[in-house]
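A look at the structure
Below, each chain spelled out in residue letters.
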Amino acid sequence: MNEILDYLVNFQPNDWFGISLRGIFIYLFVLWIAIVIWVARDSVGRSRNLIFQVFMIFLTIILNIFGLLIYLIVRPQKTLIEKYHEDLEYRALVENEELCPKCEKPLPLVFQFCPHCGEEARKACKKCHKLVSKSWSVCPYCGNKKSTQKKVEHKKNKL
Ligand SMILES: [Zn+2]
Ligand SMILES: [Zn+2]
C-alpha cells in the first residue's frame, strides 16, 4: 500500500501510466463525493427522519455505489413536495363532502355511491348530468327540478 502511495506521490513527468492512474483516482474520488451529495440531497427531499438521512449518507460514504443502490431500494417513493400536494388534493376532496344518508359516514360530493355501505346517495341531473344529492330538490348546477332527474343507470344503459 505504501509503495502505491509513494508511486502516486512521486510520479515522473513522462510517466503516463502514473498520470492516468492519478486521473482515475481523482475521477473516482469526485464520483464518490458526487454520489454522497446526491443521496444526501435526495434523502432530505423525501424524508423528515434525521436518523434515516444520517444512516443512508453514512452507508453511502462507506459502500458508495452499493450504498446508493440500497438507498434507491429503501427510499420513500414520493418526495415531500409530492406528498404535500397529494394531501392538499385529498383534503380538497374530503372537505367538499356531506354525510351518507344511510350510514352517516363522510361522503365526498364527487361520489355517487357510499364507499362504506353502498347506498346510492346521489343521482345525475337529467339536464347537466352532474351528481346531485337525493335530498336536494333542485340541481344546484343548472337549476333543473328534481322531478325531471333520471337515474344514472339509464344513462349507462344507453351508452
Ligand atoms: Zn353509507
Ligand atoms: Zn343539473
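Residues numbered from 1 in each chain as written. Chains lettered and ligands numbered in written order. Predicted model: local features only at pLDDT ≥ 70, side-chain atom pairs only at ≥ 80, totals over all residues.

**Quick look at the overall build of the chain**
- A tally of helices and strands in the chain yields six helices and four strands.
- Order of helices (α) and strands (β) in the chain, N terminus to C terminus: α-α-α-α-α-β-β-β-β-α.
- Evaluated residue by residue, the chain yields a buried proportion of 9% over its 159 residues.
- In the chain, the share of contacts with a sequence separation of at least 24, taken over all contacts with a separation of at least 6, comes to 23%. (Helix = DSSP H or I, 4+ residues; strand = E, 2+ residues; numbered from the N terminus. Buried ≥ 20, exposed ≤ 12 C-beta atoms within 10 Å, placed from the backbone. Contact = placed C-beta atoms within 7 Å.)

**Topic: the confidence of the model for the chain**
- With 84% of its residues at a pLDDT of 70 or more, the chain shows a mean pLDDT of 83.
- The low-confidence segment residues 148-153 (pLDDT under 50) makes 11 contacts with residues lying over four places distant or belonging to another chain. (pLDDT = per-residue confidence, 0-100.)

**Concerning the packing of helix 3 (residues 50-63) against helix 4 (residues 65-74)**
- Two elements in contact, helix 3 and helix 4, have axes whose closest approach is 6 Å; the angle formed by their N-to-C orientations is 145°. On helix 4, the residues touching M56, L59, T60, I62 and L63 of helix 3 are F66, G67, L68, I70 and Y71.
- Tallied by class, the residues present in the contact of helix 3 with helix 4 amount to eight nonpolar, two polar and no charged. (Axes fitted to C-alpha atoms, helices over the stretch in contact; angles between N-to-C directions. Nonpolar A, V, L, I, M, F, W, Y, C, P; charged D, E, K, R; others polar.)

**Topic: the environment of C125**
- Among the structural elements, C125 can be located in the loop between strand 3 (122-124) and strand 4 (131-133).
- Residues C125 and V138 lie 13 residues apart in sequence; the distance between their C-alpha atoms is 9.2 Å.

**Comments concerning unusual backbone geometry**
- In this model, E104 sits at a positive phi of 60°, which is unusual for a non-glycine residue.
- Mapped onto the elements of the fold, E104 is located in the loop between strand 1 (97-99) and strand 2 (106-108).
- Using a count of 12 C-beta atoms within 10 Å as the deciding quantity, one classes E104 as exposed.
- Despite not being glycine, H129 shows a phi value in the positive range, around 65°.
- By the secondary structure assignment, H129 is in the loop between strand 3 and strand 4.

**What to know about the packing of helix 2 (residues 16-46) against helix 3**
- Between helix 2 and helix 3, the least distance of the axes is 9 Å, while the angle of their chain directions is 165°. Judged on the interaxial angle alone, helix 3 and helix 2 are roughly antiparallel. For the pair helix 2 and helix 3, the crossing hand works out as right-handed. Residues I35, V36, V39, A40, S43 and V44 of helix 2 form the contact with helix 3, whose participating residues are F52, Q53, M56, I57, T60 and I61.
- Residue composition of the contact of helix 2 with helix 3, by class: nine nonpolar, three polar and no charged. (Parallel < 35°, antiparallel > 145°, perpendicular 65-115°, else oblique. Left-handed = near helix turned anticlockwise from the far one by under 90°.)

**A few points about helix 3**
- Over its 14 residues, helix 3 extends 20 Å from the first C-alpha to the last, a length consistent with the 20 Å expected when each residue adds 1.5 Å.
- Where helix 3 ends, the next residue or the one after it, N64, has phi of about 50°, a positive value. (Expected span 1.5 Å × (residues − 1).)

**Thoughts on helix 2**
- The end-to-end C-alpha separation of helix 2 is 44 Å, in line with the 45 Å expected for 31 residues at 1.5 Å each.
- Within helix 2, only three of the 31 residues are buried, which leaves the element largely exposed.
- Every buried residue belonging to helix 2 is among V39, S43 and R46, and all of these are buried.

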